[in-house]
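Structural description and commentary
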Amino acid sequence: MIDADPAAFYRRILDNLADAVLLFDQHLCLIYINMPGEMLFALSARQVLGARAHNVFALTDSVTEEDLLRVMETGASLTKRNVTLNVQPQPITVNVILTPALDESAPRVLAEVQQVDRHLRISMEEQLMAQQNAARMLLRGLAHEIKNPLGGLRGAAQLLHAELRGEELREYTRIIIDESDRLQLLVDRMLEPNKPPQMSLVNIHRILERVRQLVQVEAPPKVFIQRDYDPSIPPVLGDSDQLIQAILNIVRNAAQAVGKEGTITIRTRIHRQVTLGNRRHALAAKIDIVDDGPGIKPELLGQIFYPMVTGRAEGTGLGLSIAQSLISQHGGLVECASSPGNTVFSIYLPLEKSHE
Ligand SMILES: Nc1ncnc2c1ncn2[C@@H]1O[C@H](COP(=O)(O)OP(=O)(O)OP(=O)(O)O)[C@@H](O)[C@H]1O
Ligand SMILES: [Mg+2]
């Protein structure tokens, strides 16, 4: 059923499309732009309505007024593929589809602008997430299978330990018990996170301060943890224990990477128009954990979010896999970029719509 106000109804549909939609009149002046269009071109409708097509498309390298005229004259649509749109902070690639939109009175041109690299990035991210999830599920299944017999083994070893008289023989049962305990801890970590998040509005800086203090006390004296916070970030809907756990895993890695001496920076910023999973968010909190350690070994870089992938002799390789899983339960995402002396883990968390 269509609303009482059909114009508002159609406007809402257009504003909720993933693609930008622009309409030009016969003088090549912009007479309509939907909300995704305003976001893509980083312009408000108020600023840009009435502007000539060459001004609107000034950010592209290959869409011209001649293209629009040709569509109007021939009545045939035209698609320009892989057009670079030079927007801040970095250029993006788009497809532009120009279609004649005939009005009873005058010809018009409809321009649809689809962001190509966003689609590519989303499908790559989704594929990667699905693979990491499958690996995590496999591991959880395995951990579950190990957990029960392990309890039995430990119990039996304990009984045996009590029965045994000689200290020499007891040494063997002690080894069984200690190793079972070690395995139990590992299995418990593999089964994390095992409860759904308890969501409430939380102050992200309070969580970061907690993590900072925890890591600072563990770290050697010449490891400095700096803060660069944007205090205007509104509260995040999340489970504080789980967020602390996820961020702690990442900051701990940074502290382990820098070793005896180095600097870790925790930075927070607000980001606009972020796509997380397959959802677009007008606002997201971005938390960067930066360290000046040696960087992630190149052969590990593509795999660090998979469980059991580790570059450390004493590592279990579960920290990042758990962090990624906890953050994705919050609708967010963890990314990483690394070169020697500069490793950045970025955590994106969606911000509530009511805070826009
Ligand atoms: N900031 C970093 N700098 C360099 N390498 C890193 C950094 N963070 C992670 N890594 C690499 O990624 C690997 C995987 O990290 P992850 O936290 O998943 O496991 P882990 O630290 O080895 O073990 P665990 O966290 O389970 O004790 C690490 O072993 C390390 O080689
Ligand atoms: Mg770790």
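Residues numbered from 1 in each chain as written. Chains lettered and ligands numbered in written order. Predicted model: local features only at pLDDT ≥ 70, side-chain atom pairs only at ≥ 80, totals over all residues. Heavy atoms only, no water.

Some words on the sheet that holds strand E9 (residues 261-276)
Taken in spatial order, the five strands line up as E7-E9-E10-E12-E11 in an open sheet, and their pairing is mixed. Each edge of the sheet is formed by a strand with only one pairing partner; in this case those strands are strand E7 (222-228) and strand E11 (333-339). Between one strand axis and the next, the sheet turns by 20° as a mean value, whatever way the strands run. The pairing of E11 with strand E12 (residues 342-350) spans seven bridges and is antiparallel. Looking at the pairing, valine 334 lines up with isoleucine 347 of E12. On the sheet, helix H9 (residues 240-258) packs against E7, E9, strand E10 (279-291), E11 and E12 and is oriented at approximately 35° with respect to E10. With respect to the sheet, helix H11 (residues 319-329) is in contact with E11 and E12, its orientation differing from that of E11 by roughly 140°. (Pairing = 2+ DSSP bridges. Helix = DSSP H or I, 4+ residues; strand = E, 2+ residues; numbered from the N terminus. Axes fitted to C-alpha atoms, helices over the stretch in contact; angles between N-to-C directions. Contact = heavy atoms within 4.5 Å.)

Topic: the site of ligand 1
Around ligand 1 sit 21 residues, and of these Asn253, Asp291, Thr310, Gly311 and Thr316 come closest. At 2.9 Å from an oxygen atom of ligand 1 is found a main-chain nitrogen or oxygen belonging to leucine 318. Protein burial of ligand 1: of its 590 Å² of free accessible surface, 91% is covered by the chains. Breaking the shell around ligand 1 down by element, the ones donating at least two residues are H9, H11 and E12. Examining the composition of the shell around ligand 1, we find that three residues originate from one element, H9, more than from any other. (Near = heavy atom within 4 Å. Polar contact = N/O pair within 3.5 Å; in protein donor to acceptor, adjacent residues only side chain to side chain. Areas by Shrake-Rupley, 256 points an atom, 1.4 Å probe, with all protein chains shown as cover.)

Examining the nonpolar core
Counting residues in hydrophobic clusters, the biggest one holds 49 residues, and the most contacted among them are Ile247, Ile250, Ile287, Ile289, Phe345, Ile347 and Leu349. Considering each element in turn, this core owes the most residues, ten residues, to H9. Setting aside residues up to four positions removed in sequence, leucine 349 forms contacts with Ile204, Val236, Leu243, Leu276, Ala284, Ala285, Ile287, Ile327 and His330. In this structure, Leu85, Val87, Ile92 and Leu98 belong to the second largest nonpolar core, which totals 28 residues. (Core = buried A, V, L, I, M, F, W, Y, C linked by side-chain atoms within 4.5 Å. Buried < 20%, exposed > 50% of the residue type's maximum accessible area, 1.4 Å probe, protein only.)

Description of helix H7 (residues 167-190)
Taking 1.5 Å as the rise per residue, H7 with 24 residues should run 34 Å; its terminal C-alpha atoms sit 34 Å apart, in good agreement. Taken together, the buried positions of H7 are Arg170, Thr173, Ile177, Ser180, Val187 and Met190. (Expected span 1.5 Å × (residues − 1).)

Some points on the domain arrangement of the protein chain
Taken as a whole, the protein chain is organised into domain 1 (6-116) and domain 2 (196-356). Computed over C-alpha atoms only, the centres of domain 1 and domain 2 are separated by 38 Å. (Domains from an automatic or database assignment.)

Some thoughts on the pairing of E12
Most of E12 is tucked away: eight of the nine residues are buried. For E10 and E12, the ladder comprises eight bridges, and the chain directions are antiparallel. By the bridge assignment for E12, isoleucine 289 is matched with phenylalanine 345. Between E11 and the antiparallel strand that follows it, E12, lie two residues; glycine 341 among them carries a positive phi value of about 85°.

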